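Chain residues, written in single-letter form:
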Amino acid sequence: MHSKDWKKQKDVTQGQVDATKTRLGQREEPESKSIKGTEWEQGGNLESCASRCNEKFNRDATCQCDRRCSRHGDCCEDYEHLCTAEEEPEEFLELEEEAPDNSLYSAPSSCQGRCREAFDKHHPCHCNDRCQEFGNCCKDFESLCGDHEGFSHSSDAITKEELQSISEKIYKADTNKAQKEDIVLNSQNRISPSETGDQVDRCPEPLFTYVNEQLFSKPTYAAFINLLNNYQRATGHGEHFNAQQLAEQGVFLREIMKTAVMKELYSFLHHQNRYVSEQEFVDDLKNMWFGLYSRGNEEADSSGFEHVFSGEIKKGKVTGFHNWIRFYLQEKEGLVDYYSHNYDGPWDSYPDVLAMQFNWDGYYKEVGSAFIGSSPEFEFALYSLCFIARPGKVCQLSLGGYPLAIQTYPWDKITYGNGKKYIATAYVVSSTH
């Protein structure tokens, strides 16, 4: 597979103003604070992106600086220069589509994942090195951020270079991945990012022409597949696990922990002082991935595992569903109809990455990224790594010499343990070379 640069440069014209007016009716102004970038205060230049990069959509501005302005054609003239000059990967996914509810992004009142972060005046309490001096630390600062018994919870202890190094080790350790001859992929028509919402089936043939199902007899694959039918895909309906289903979660975790992939991940996190023992690590994985919470207003109806790997339906749309094995099995049953793809990764062997559009038994997925041909433990390891090291942020990795970025989000409404967060979602957002 080969990657093509599909990011289009657009000239700024009077049409920006029209485009801005047009999309006032297309999307509500998001309430969440920006994931990254600087806050823009009233009184700034409404015709420039200075201090406005990645701000939320501003209905009063004549041009925009948010991530979707390129798609809507209403970016300010200096958007490319000011907002894309940083060393950030090219993004091909709709972050708004995947992000949890905006209501979850209130200012954090815990130091979970925030130890030693820079001071932010918008937060009600702080977790930086001087918060004790100023008396404005969050209540869990000492327990989460204080060094004790040689164990550091510092969120910035893992560098970008270390993430790239461990991801390369995990990539090389994935001996259970599919070989070239194990999968025949028929990706067919590629579309531009502006066409992903069209809901047009441009591919008459299935995505998977052939998969060597002997792969599925491998212990980690078999344990993974056993988990997929344990969930109701519609949110708002409580999940209830019987003894066998709970046991299947344990079997999956035990099997993946036997692999070189997960041994590499644990060794790395142990040396980073994130976990004292392997049992502590496994217990945490079980909570963050399989712990139940409510995406609707009903009883516990979701989990990180269900959302990311099995897929869910919420408000008439497919959410999550980022796994190639699940896609293949559902396509084989006639429940998934592959429509198109808008990104094809640069790797010439598996695992690769594909961002695709599809219909899942009557519901549409506008952009769904997935590793193709990876083992279950490989995906589980990379998503876990990024959630632990960069929760709620873009996590920049390296696979086979190519950069790859993963976005994770924590579920902020409830916690487990000592203020720890469940996984809301995790998915590939970009890859460039």
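See the structure printed just above.
In this text, all values refer to a predicted model and were calculated from it rather than measured experimentally. (Residues numbered from 1 in each chain as written. Predicted model: local features only at pLDDT ≥ 70, side-chain atom pairs only at ≥ 80, totals over all residues. Heavy atoms only, no water.)

S.K.: Just checking my understanding: could you explain the overall build of the protein for this structure?
M.R.: Along its length, the protein carries 14 helices and ten strands. With 433 residues in all, the protein has 54% of them scored as buried. The long-range share in the protein, meaning contacts at least 24 apart out of those at least 6 apart in sequence, stands at 63%. A total accessible area of about 19,300 Å² is found for the protein, and carbon and sulfur atoms account for 46% of it. (Helix = DSSP H or I, 4+ residues; strand = E, 2+ residues; numbered from the N terminus. Buried < 20%, exposed > 50% of the residue type's maximum accessible area, 1.4 Å probe, protein only. Contact = heavy atoms within 4.5 Å. Areas by Shrake-Rupley, 256 points an atom, 1.4 Å probe, with all protein chains shown as cover.)

S.K.: Which parts of the structure should I look at to understand the state of the cysteines?
M.R.: Covalent bonding between the sulfur atoms of two cysteines defines a disulfide. Inspection of the entire model under this criterion finds six disulfides. Paired through a disulfide, Cys63 and Cys76 show a sulfur-sulfur distance of 2.0 Å. Linking Cys63 and Cys76, the disulfide has an S-S dihedral of approximately 90° and is accordingly described as right-handed. Here the residue Cys63 occupies a position in the loop between helix H1 (15-24) and helix H2 (69-72), and Cys76 occupies one in the loop between H2 and helix H3 (79-83), the gap between them amounting to 13 residues. (Disulfide = S-S within 2.5 Å.)

S.K.: What exactly am I supposed to notice about the packing of helix H9 (residues 243-257) against helix H11 (residues 278-290) here?
M.R.: Any two packed helices are characterised by the angle at which their axes cross and by the distance between the axes. Where H9 meets H11, the closest approach of the two axes is 11 Å, and the angle between their N-to-C directions is 130°. The angle between the axes of H9 and H11 places the two elements in the oblique class. In this structure, H9 crosses over H11, and the sense of that crossing is right-handed. When H9 is examined against H11, the residues Gln249, Phe252, Leu253 and Met257 are found in contact with a partner set consisting of Glu278, Phe281, Val282, Leu285, Lys286 and Phe290. Residue composition of the contact of H9 with H11, by class: seven nonpolar, one polar and two charged. (Axes fitted to C-alpha atoms, helices over the stretch in contact; angles between N-to-C directions. Parallel < 35°, antiparallel > 145°, perpendicular 65-115°, else oblique. Left-handed = near helix turned anticlockwise from the far one by under 90°. Nonpolar A, V, L, I, M, F, W, Y, C, P; charged D, E, K, R; others polar.)

S.K.: I'm lost on H9 in this one. Help?
M.R.: Helical geometry: 3.6 residues make up each α-helical turn, so side chains three or four residues apart lie on a common side. Helix length check: H9, at 15 residues, gives a terminal C-alpha distance of 21 Å against a target of 21 Å (1.5 Å per residue), a fit within 8%. Listed as buried for H9 are Gln245, Glu248, Gln249, Gly250, Phe252, Leu253, Glu255, Ile256 and Met257. The elements touched by buried residues of H9 are helix H8 (219-228), helix H10 (260-271), H11, helix H12 (304-310) and helix H14 (376-389). The residue sitting at the N-terminus of H9 and contributing the capping side-chain oxygen is Asn242; that oxygen lies 3.1 Å from the backbone nitrogen of Gln244. (Expected span 1.5 Å × (residues − 1). Polar contact = N/O pair within 3.5 Å; in protein donor to acceptor, adjacent residues only side chain to side chain.)

S.K.: What is the right way to read the pairing of strand E9 (residues 402-416) from this model?
M.R.: Two faces, one strand: in a regular strand the side chains alternate between the faces of the sheet. As judged from the six bridges shared by strand E8 (residues 394-399) and E9, these two strands associate in the antiparallel manner. Bridged to Leu397 within E9 is Leu404. Two successive antiparallel strands, E8 and E9, enclose a turn made up of two residues, where Gly400 displays a positive phi of approximately 60°. Alignment of E9 against strand E10 (residues 420-430), held across nine bridges, turns out to be antiparallel. Paired with Tyr416 across the two strands is Lys420, which belongs to E10. Two successive antiparallel strands, E9 and E10, enclose a turn made up of three residues, where Gly417 displays a positive phi of approximately 60°. (Pairing = 2+ DSSP bridges.)

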